[in-house]
Amino acid sequence: MTFRQKIRLGLFAVLGLFMFLVLGTAFGFWESEIGAVSPKGYVAISHGDHTHYVPNGWTGEVSISNFPTNPPPQGQTVGPTGQFVPLQP
């Protein structure tokens, strides 16, 4: 294998790892502040000119209008119907 082929293989490996991390975060394979599953127990969803805060795993069965437009207070999260509930460790 030539030096140029090794460099190309290395670049493809780095690109593949980067894509794995980006897609894993986007699909919620692990908790992340910017991903689909947040360690806070809720995620922010932009809705027009405002943002609603919905729980992790929200499926849309409850209307987004039922969820608050302000983030929960410290130590709390958003419940399945839109109320603030204590954050479980």
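Residues numbered from 1 in each chain as written. Predicted model: local features only at pLDDT ≥ 70, side-chain atom pairs only at ≥ 80, totals over all residues. Heavy atoms only, no water.

A. Seen up close, the packing of aromatic side chains. Applying the stated criterion across every chain yields a total of three aromatic pairs. Taking the centre distance of 6.2 Å and the plane angle of 50° together, the rings of Phe27 and Phe29 count as tilted. Comparing Phe27 with Phe29 shows no difference in burial state: the two are exposed. (Phe/Tyr/Trp six-rings, centres within 6.5 Å; stacked < 30°, edge-to-face > 60°. Buried < 20%, exposed > 50% of the residue type's maximum accessible area, 1.4 Å probe, protein only.)

B. Focus on the environment of Gly41. Mapped onto the elements, Gly41 comes out in the loop between helix H1 (3-26) and strand S1 (42-47). Here the alpha-carbon distance between Gly41 and Phe12, two residues 29 residues apart in the chain, equals 35 Å. Apart from residues lying up to four places away in sequence, Gly41 is in contact with Val54, Pro55, Asn56, Thr77 and Val78. (Helix = DSSP H or I, 4+ residues; strand = E, 2+ residues; numbered from the N terminus. Contact = heavy atoms within 4.5 Å.)

C. Spatial organisation of H1. Between its first and last C-alpha atoms H1 spans 35 Å; for 24 residues at 1.5 Å apiece the expected length is 34 Å, and the two agree. Following H1 by one or two positions, Gly28 adopts a phi angle in the positive range, close to 80°. (Expected span 1.5 Å × (residues − 1).)

D. Focus on the pairing of strand S2 (residues 50-55). Judged from the six bridges that link them, S1 and S2 form a sheet pairing that is antiparallel. In the sheet register, Ala44 faces S2, and the bridge partner there is Tyr53. In sequence, S1 turns back onto S2 through a hairpin of two residues, with Gly48 there showing a positive phi of about 75°. (Pairing = 2+ DSSP bridges.)

E. Geometry of a nonpolar patch on the surface. A surface patch of nonpolar side chains, about 1,200 Å² in accessible area, is lined by Phe12, Leu15, Leu17, Phe18, Met19, Phe20, Leu21, Val22, Leu23, Phe27, Phe29 and Trp30. Looking at the secondary structure, you find Phe12 in helix H1. Looking at Phe12, the relative accessible area reads 55%, which means it is exposed. (Patch = residues over 30% accessible without salt bridge, like charges linked within 9 Å, V, L, I, M, F, W, Y side chains within 5 Å. Areas by Shrake-Rupley, 256 points an atom, 1.4 Å probe, with all protein chains shown as cover. Salt bridge = Lys/Arg side-chain N within 4 Å of Asp/Glu carboxyl O.)

F. Summary view of the side chain of His52. Summarising the element assignment, His52 is placed in strand S2. Side chain to side chain, His52 and His50 meet in a polar contact 3.0 Å long. From its side chain, His52 meets the backbone oxygen of Phe67 in a polar contact 2.9 Å long. For His52, the residues in contact, after removing those within four places along its chain, are Val43, Ala44, Ile45, His47, Ile64, Ser65, Phe67, Pro68 and Thr69. (Polar contact = N/O pair within 3.5 Å; in protein donor to acceptor, adjacent residues only side chain to side chain.)

G. Just the nonpolar core, in detail. Membership of the largest hydrophobic core is limited to seven residues, which are Tyr42, Val43, Tyr53, Val54, Ile64, Phe67 and Val78. Looking at this core, the elements that each hand over two or more residues are S1 and S2. Discounting chain neighbours no more than four positions away, the residues touching Phe67 are His52, Tyr53, Val54, Pro55, Trp58, Val62, Val78, Gly79, Pro80, Thr81 and Gly82. (Core = buried A, V, L, I, M, F, W, Y, C linked by side-chain atoms within 4.5 Å.)

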